Amino acid sequence: MTIARYSLIAAAILALGACGKQEPPKEMASQAATVTAPPVAGSDTVKIAHSAPLTGNNAHFGKDNENGTRMAIDEINAEGGADIAGKKVKFELVSEDDQADPKTATTVAQRFVDMKVVGIIGHMNSGTTIPASKIYADAGIPQISPSATAVAYTAQGFKSAFRVMSNDAQQGKVLGDFAVKKLAAKKIAIIDDRTAYGQGLADEFEKAAKAAGAEVVKREFTTNQETDFNAILTSIKGAKPDLVFYGGMDAQAAPLKKQAKKLGIAAKIMGGDGTQTPEFIKLAGADSEGMVSSSPGQSKESMPGGTEFLTKFKAKFGVDVNLYAPYNYDATKVMIEAMKKAGSVDPAKYLPELQKIEYKGVTGTISFDEKGDIKNGPITVYQVKGGKWEVIEVVAGEAK
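What you see is a predicted model, and the numbers here were worked out from it, not measured in a lab.

> What am I meant to see in the sheet that holds strand E2 (residues 82-84) here?
The pairing of strands in a sheet happens through backbone hydrogen bonds and is either parallel or antiparallel. Ordered in space as E2-E3-E1-E4-E5-E6, the 6 strands form an open sheet in which the pairing is mixed. Two strands close off the open sheet at either side, each with one partner strand: E2 and strand E6 (161-163). Strand-to-strand twist across the sheet, computed as the mean angle between neighbouring axes with direction ignored, equals 30°. Where strand E1 (residues 44-52) meets strand E3 (residues 87-97), 9 bridges bridge the pair, whose relative direction is parallel. Residue pairing for E3: alanine 49 is matched across the bridge by valine 94. In the packing of helix H2 (residues 59-78) onto the sheet, the strands contacted are E1, E2, E3 and strand E4 (119-122), and the crossing angle to E3 comes to about 165°. Against the sheet, helix H4 (residues 126-139) contacts E4 and strand E5 (143-145), and its axis sits at roughly 165° relative to E5.

> I keep staring at the pattern of salt bridges and nothing clicks. Help me out?
Any two side chains of opposite charge can pair, on the condition that their charged atoms come close. Per the counting criterion, the structure on display carries 23 salt bridges. A salt bridge links lysine 63 to glutamate 66; its shortest N-O distance comes to 2.5 Å. Residue lysine 63 and its partner glutamate 66 are both found in helix H2; the two are separated by 3 residues, about one turn of the helix. Classification of lysine 63 by relative accessible area gives partly exposed; the value is 40%. The partner of arginine 70 in a salt bridge is glutamate 66, with the nearest N and O atoms 3.7 Å apart. One end of the pair, arginine 70, and the other, glutamate 66, are both in helix H2, 4 residues apart, so they sit about a helical turn from each other. For the residue pair arginine 70 and glutamate 66, the accessibility class agrees, reading buried in each case. When salt bridges that share partners are traced, they join Asp192, Arg194, Asp203, Glu206, Lys210 and Arg219 into one network.

> Explain the packing of aromatic side chains to me, please; I cannot follow it from the model alone.
Each aromatic ring pair is described using two quantities: the centre-to-centre distance and the angle formed by the ring planes. A full pass over the atoms with the stated rule returns 9 aromatic pairs. Measuring from centroid to centroid gives 4.9 Å for phenylalanine 162 and phenylalanine 368, while their planes differ by 55°, and the two rings are tilted. With phenylalanine 162 in strand E6 and phenylalanine 368 in the loop between strand E13 (365-366) and strand E14 (378-385), the pair connects residues that are 206 residues apart, well separated along the chain. Just as phenylalanine 162 is buried, phenylalanine 368 falls in that class too. With 6.3 Å between their ring centres and 65° between their planes, phenylalanine 229 and tyrosine 246 make a pair best called edge-to-face. Here tyrosine 246 lies in strand E9 (residues 243-247) and phenylalanine 229 lies in the loop between strand E8 (215-221) and helix H8 (230-239), a separation of 17 residues in the sequence. Accessibility assignment for this pair places phenylalanine 229 and tyrosine 246 in one class, buried. Here a set of aromatic residues connected by ring pairs shows up, and it is made of Phe309, Phe313, Phe317 and Tyr329.

> Please clarify how the pairing of E9 should be interpreted in this entry.
Strand residues, when the strand is regular, have side chains that alternate between the two faces of the sheet. Buried residues dominate E9, accounting for 5 of its 5 residues. Burial along E9 is two-sided: the face carrying Leu243, Phe245 and Gly247 and the face carrying Val244 and Tyr246 are both buried. Examined bridge by bridge, strand E7 (residues 187-192) and E9 share 5 bridges and lie parallel to one another. If you follow alanine 189 over to E9, its bridge partner there is valine 244.

> How should I be thinking about helix H6 (residues 168-182) in this particular structure?
Because each turn of an α-helix spans 3.6 residues, side chains separated by three or four positions end up pointing in the same direction. Taking 1.5 Å as the rise per residue, H6 with 15 residues should run 21 Å; its terminal C-alpha atoms sit 20 Å apart, in good agreement. With 12 of 15 residues buried, H6 lies mostly within the body of the structure. Of the residues making up H6, those classed as buried are Asp168, Ala169, Gln170, Gln171, Gly172, Val174, Leu175, Gly176, Asp177, Phe178, Ala179 and Val180. After H6 finishes, the residue alanine 184 shows a positive phi value of roughly 55°.

> Would you mind showing me how to read helix H13 (residues 347-355) here?
Looking at H13, one finds that the buried residues are Pro347, Tyr350, Leu351, Glu353 and Leu354. Burial along H13 is one-sided: seen end-on, the buried residues are contained in an arc of 165°. Turned more than 90 degrees away from the buried face of H13 sit Ala348 and Lys349, all of them exposed. In this structure aspartate 346 caps H13, since a side-chain oxygen of it lies 3.0 Å from the backbone nitrogen of alanine 348.

> What is the right way to look at the nonpolar core in this model?
Generally speaking, nonpolar side chains in soluble globular proteins are found buried as a group. Core analysis: the biggest nonpolar cluster contains 66 residues, and Phe91, Ile188, Phe205 and Met270 have the highest contact counts within it. In terms of residue count, the dominant contributor to this core is helix H12 (residues 325-342) (9 residues). Both domain 1 (45-167 + 300-368) and domain 2 (169-295 + 381-395) contribute no fewer than three residues apiece to this core. In contact with methionine 270, other than residues within four places in its own chain, are Leu175, Phe178, Ala179, Leu183, Phe205, Leu243, Val244, Phe245, Tyr246, Met291 and Val292. Counting residues in hydrophobic clusters, the runner-up holds 22 residues, among them Ile236, Ile265, Ala267 and Tyr382.

Thresholds applied
Residues numbered from 1 in each chain as written. Predicted model: local features only at pLDDT ≥ 70, side-chain atom pairs only at ≥ 80, totals over all residues. Heavy atoms only, no water. Pairing = 2+ DSSP bridges. Helix = DSSP H or I, 4+ residues; strand = E, 2+ residues; numbered from the N terminus. Axes fitted to C-alpha atoms, helices over the stretch in contact; angles between N-to-C directions. Contact = heavy atoms within 4.5 Å. Salt bridge = Lys/Arg side-chain N within 4 Å of Asp/Glu carboxyl O. Buried < 20%, exposed > 50% of the residue type's maximum accessible area, 1.4 Å probe, protein only. Phe/Tyr/Trp six-rings, centres within 6.5 Å; stacked < 30°, edge-to-face > 60°. Expected span 1.5 Å × (residues − 1). Arc of directions from axis to C-beta. Polar contact = N/O pair within 3.5 Å; in protein donor to acceptor, adjacent residues only side chain to side chain. Core = buried A, V, L, I, M, F, W, Y, C linked by side-chain atoms within 4.5 Å. Domains from an automatic or database assignment.

The following block contains the structure:
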């Protein structure tokens, strides 16, 4: 449960996001996962790839994403496969840990290309999705990200790149407007983690907040590994802001919120989808109270197929949905639906169907604009009340 100026692509390759954190490169940890149901007689089996951070600080997001994709593939395979041009086709899920690291992500991407996978669900973070997308585009393999929200991802013009979640321009505008018009913030301080997601969302928030009439009194930055924000917060306290916006993920947002309270900062604290997680509440404890965050899409319970999906997911995996699993599920189903319409698993043949698809999924109706962005994606604003995220407002996302 994510997500930047250019230089644009060069900066995004060095930054991470989107939901996203960047970890130091490690030795590649390959985690291949194959759906257990065997192919039926007379059927074909093809590979669909998934990549997300399965280790490190983002692993709770990455595993949630992987489980969403796995659930979709398991369901289709349990039905005997997808009917494609009169033949039952089963799918093998190949999942790799990109460690939320851009360099690792490009290694993973090339590995998927060499495997001749027919499609990519991922990556999770903007900072991994963006560099990997060039490799997939060059190979002509469709890629659907369930959670990369940086505008730069689809701004590159790759016809193979799609996302099933609203982008940071849409989310940042909603957050900026909400901060000024609903929370009455006149003086705002902004902190970001310098990832493609964190900085990109903070930039969009700043633009919208200024347009709505607020003054940005401080703009600070940190890293996506830092947990001590006392120096930054002490500086911000002196500027007496009404609201502090943080562009980054829950592992940093939680200690920031706790330290802000300890320092006696009365300003409201706000973040994006990287902070709107059960993990944030768990990490921040009682200090999570009052946190305001947004998330692209409707609340999980309000999604058209949300209640049923949440129940099935918990029964299958023994855990609750963290954040992005429904989007992974829909991304996978949308990709396979395009194959069915094309009567082919050949990426070159089903890509045109993906570009014009309209699919009613768990998260809502999915169709893409000319850039590959989802059309009419809503943004939901939440606040922690009584130790739980409660919906404050749902705003229709305007195309950007």
